[in-house]
Amino acid sequence: RWLTCRSLPPGALERIADTVADRVRIPWFAGAVKVNVSLVPPLVLLPVLLHVAALHFLLGLVILTSLPAVVLWYYYLTHKRKERTLFFLSLGLFSLGYMYYVFLQEVVPRGHVGYSQVVALTCGLILMLAALSRAKKDPGYLPIPTGNEKSSHQDLPNKGVRGSSNGLHSVTSGVASGRAVNGEVKGYSRMSAEEPEGVKRDWCTKCQLVKPARAGHCRLCGRCVRRLDHHCVWINSCVGEQNHQAFILALSFFMLTAVYGITLTLHTICRGRTPFVALFYCPGAYSDYSSALSFTCVWYCAIVTAGMGYILLIQLLNISYNVTEREARLALRDNTGRRLLGGLVIDTGQYNRGFLCNWGHFLSLGSSPPQRSAEDIV
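Residues numbered from 1 in each chain as written. Predicted model: local features only at pLDDT ≥ 70, side-chain atom pairs only at ≥ 80, totals over all residues. Heavy atoms only, no water.

1. Looking at the overall build of the protein chain
For step 1, the next point in the chain: Along the backbone of the protein chain there are 13 helices and 12 strands.
For step 2, the next point in the chain: The buried share of the protein chain, taken over its 378 residues, is 40%.
For step 3, the next point in the chain: Within the protein chain, contacts between residues separated by at least 24 positions form 63% of all contacts whose residues are at least 6 apart in sequence.
For step 4, the next point in the chain: Carbon and sulfur atoms form 63% of the exposed surface of the protein chain, whose accessible area is close to 21200 Å². (Helix = DSSP H or I, 4+ residues; strand = E, 2+ residues; numbered from the N terminus. Buried < 20%, exposed > 50% of the residue type's maximum accessible area, 1.4 Å probe, protein only. Contact = heavy atoms within 4.5 Å. Areas by Shrake-Rupley, 256 points an atom, 1.4 Å probe, with all protein chains shown as cover.)

2. A short note on the packing of helix 3 (residues 57-81) against helix 10 (residues 289-320)
For step 1, the next point in the chain: For the pair helix 3 and helix 10, interaxial distance at closest approach is 11 Å and the crossing angle is 30°. By the angle class used here, helix 3 and helix 10 are roughly parallel. Taken as a pair, helix 3 and helix 10 cross one another with a handedness that is right-handed. Contacts between helix 3 and helix 10 pair Leu-64, Leu-67 and Pro-68 from the former with Thr-296, Trp-299, Tyr-300 and Ile-303 from the latter.
For step 2, the next point in the chain: Here the residues of the contact of helix 3 with helix 10 sort into six nonpolar, one polar and no charged. (Axes fitted to C-alpha atoms, helices over the stretch in contact; angles between N-to-C directions. Parallel < 35°, antiparallel > 145°, perpendicular 65-115°, else oblique. Left-handed = near helix turned anticlockwise from the far one by under 90°. Nonpolar A, V, L, I, M, F, W, Y, C, P; charged D, E, K, R; others polar.)

3. Looking at empty space enclosed by the protein
For step 1, the next point in the chain: A complete count under the given rule lists two cavities of 30 Å³ or more for this structure.
For step 2, the next point in the chain: Considered as a void within the structure, the largest cavity measures approximately 60 Å³ in volume.
For step 3, the next point in the chain: Tyr-75, Thr-78, His-79, Glu-83, Arg-84, Thr-85, Leu-220, His-231, Val-233 and Asn-236 together form the lining of the largest cavity.
For step 4, the next point in the chain: Element by element, the count of residues in the lining of the largest cavity is highest for helix 3, at three residues.
For step 5, the next point in the chain: Of the residues that constitute the lining of the largest cavity, the class distribution is three nonpolar, five polar and two charged. (1 Å grid on protein atoms, 1.4 Å probe; cavity = no way out; pocket = protein on both sides within 12 Å on 5 of 7 lines; lining within 4 Å. Points joined across faces, edges and corners; volume = space filled by probe spheres on them.)

4. Regarding the UniProt feature "transmembrane region" (unreviewed entry) in the protein chain
For step 1, the next point in the chain: Those residues carrying the UniProt feature "transmembrane region" (unreviewed entry) are residues 48-74, 86-103, 115-132, 246-269 and 289-313 in this numbering.
For step 2, the next point in the chain: Helix makes up 94% of residues 86-103 and strand 0%, whereas the separation of the span's terminal C-alpha atoms amounts to 26 Å.
For step 3, the next point in the chain: Segment residues 289-313 splits into 100% helix and 0% strand. End C-alpha atoms: 36 Å apart. (UniProt positions renumbered as here; feature names shortened; annotations may be inferred.)

5. Describing the nonpolar core
For step 1, the next point in the chain: Ranked by internal contacts, the top residues of the largest apolar core, which has 29 residues, are Leu-50, Met-99, Leu-266 and Tyr-300.
For step 2, the next point in the chain: Of all elements in the fold, only helix 2 (40-53), helix 3, helix 4 (87-107), helix 8 (244-269), helix 9 (275-280) and helix 10 reach the threshold of two or more residues within this core.
For step 3, the next point in the chain: Those residues within four positions of Leu-266 in sequence are excluded, and the remaining contacts are Arg-271, Pro-275, Ala-278, Leu-279, Phe-295 and Val-298.
For step 4, the next point in the chain: Listed in part, the 22 residues of the second largest apolar core include Met-128, Ala-246, Leu-312 and Phe-362. (Core = buried A, V, L, I, M, F, W, Y, C linked by side-chain atoms within 4.5 Å.)

6. Description of unusual backbone geometry
For step 1, the next point in the chain: Of note, Asn-236 is a non-glycine position whose phi angle comes to about 55°, a positive value.
For step 2, the next point in the chain: The phi angle at Asn-322 is positive, at roughly 55°, despite the residue not being glycine.
For step 3, the next point in the chain: Secondary-structure assignment places Asn-322 in the loop between helix 10 and helix 11 (325-334).

7. What to know about the side chain of Ser-320
For step 1, the next point in the chain: Along the polypeptide, Ser-320 turns up in helix 10.
For step 2, the next point in the chain: In terms of polar contacts, Ser-320 uses its side chain to reach the backbone carbonyl oxygen of Leu-316, at 2.8 Å.
For step 3, the next point in the chain: Residues contacting Ser-320, with those up to four places away along its chain left out, are Asn-352, Gly-354, Phe-355, Asn-358 and Trp-359. (Polar contact = N/O pair within 3.5 Å; in protein donor to acceptor, adjacent residues only side chain to side chain.)

8. Quick look at the packing of aromatic side chains
For step 1, the next point in the chain: Taken as a whole, this structure holds 15 aromatic pairs when the rule is applied.
For step 2, the next point in the chain: With a centroid separation of 5.2 Å and an interplanar angle of 65°, the aromatic rings of Tyr-75 and Tyr-76 are classed as edge-to-face.
For step 3, the next point in the chain: We classify Tyr-75 as partly exposed; its relative accessible area is 26%.
For step 4, the next point in the chain: Between the NZ or CZ atom of Arg-214 and the centre of the ring of Tyr-351, over which it lies, the distance is 4.0 Å. (Phe/Tyr/Trp six-rings, centres within 6.5 Å; stacked < 30°, edge-to-face > 60°. Lys NZ or Arg CZ within 6 Å of the ring centre and 35° of its normal.)

9. Some points on helix 4
For step 1, the next point in the chain: Taking 1.5 Å per residue, 21 residues should reach 30 Å; helix 4 reaches 28 Å between its end C-alpha atoms and fits that length.
For step 2, the next point in the chain: Within the sequence span of helix 4, burial applies to Phe-87, Phe-88, Leu-89, Ser-90, Leu-91, Ser-95, Leu-96, Tyr-98, Met-99, Val-102, Phe-103 and Val-107.
For step 3, the next point in the chain: On the buried face of helix 4, the contacting elements are helix 2, helix 3, helix 5 (115-135), helix 8 and helix 10. (Expected span 1.5 Å × (residues − 1).)

10. A look at the confidence of the model for the protein chain
For step 1, the next point in the chain: Summing up the model confidence of the protein chain, the mean pLDDT is 82 and the portion of residues at 70 or higher is 82%.
For step 2, the next point in the chain: Here helix 7 (residues 168-177) is the element of the protein chain with the lowest mean pLDDT, 39, and helix 5 is the one with the highest, 96.
For step 3, the next point in the chain: Predicted confidence is poor over residues 156-200, with pLDDT under 50, and the contacts of this stretch with residues over four places away or in other chains come to 82 contacts. (pLDDT = per-residue confidence, 0-100.)

Right under this line is the structure:
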């Protein structure tokens, strides 16, 4: 049809793409293993593009300018379709590995980087990967009710329930919203007696449960998460109550390691200049291919580090005001929040208890045991 210029039937391209993706498999002893197609492009394109960019200054300018634009376009495309993809996780991990490889192959042999500096950079990389591994674990998913629990929750209103912080109303609300199986009330659907008065607790029609305060439903994961901050495409998971601290640690270790690696590389290929000046003015960087490749990788790292630094800054500001990305987005939609610091942070004022208390609350996330409700005490 394409050769004869006839139009394809509706959905034909999607079916072809799905079939090709299903056929991409690696032979293995227990049977062919299916390969996620989104993992492949970074492994192939990133080294090719960086080596082409190292051939000439203008090629490097074009590629390093267009690469972030392509990544952002793919992000908005997948976000619009509500699709989960391993492309960004693959790109991030392979970028780390390839930058480390170029550093060992092209920078260290020049003799200007000491053994202790290589060890420090390697330790930073290992710590970042360890924090990333922890951030990839359960973000705080709410348990999905069984069939009996779902049927017992059908009488709850879909518009949400309001709980009171004291009195018998909280007890009766907790019992009503958390109908039990075999007489036991599940913790995720209770009305906690210690929550602020008037906090809205929504009924999730997708998961068929009552969401606790600050919990949210992720459209990409299809699950409700305690204290949902956002769905991070770079780790292909949600950031919530259980992994928010590890997420901040991973970003912090990445920033420190990346800045340190960029500094060591610029000191090697642009000697006698400060790293900031060398980043924009480094005569002789394209005099030989090894220096050109190292300089191109430095600029690639600088672009990625700037993006991750912005994400980390927003996260630190949100923690300081005790607001999540989801709450800030909802406050902007409902026009209920205040823009502070030039719009970098949206203060909802609902959970803000001061800088020290807000950070103390963040550092204690996931560490305190669940509070016992009034019906358990009775």
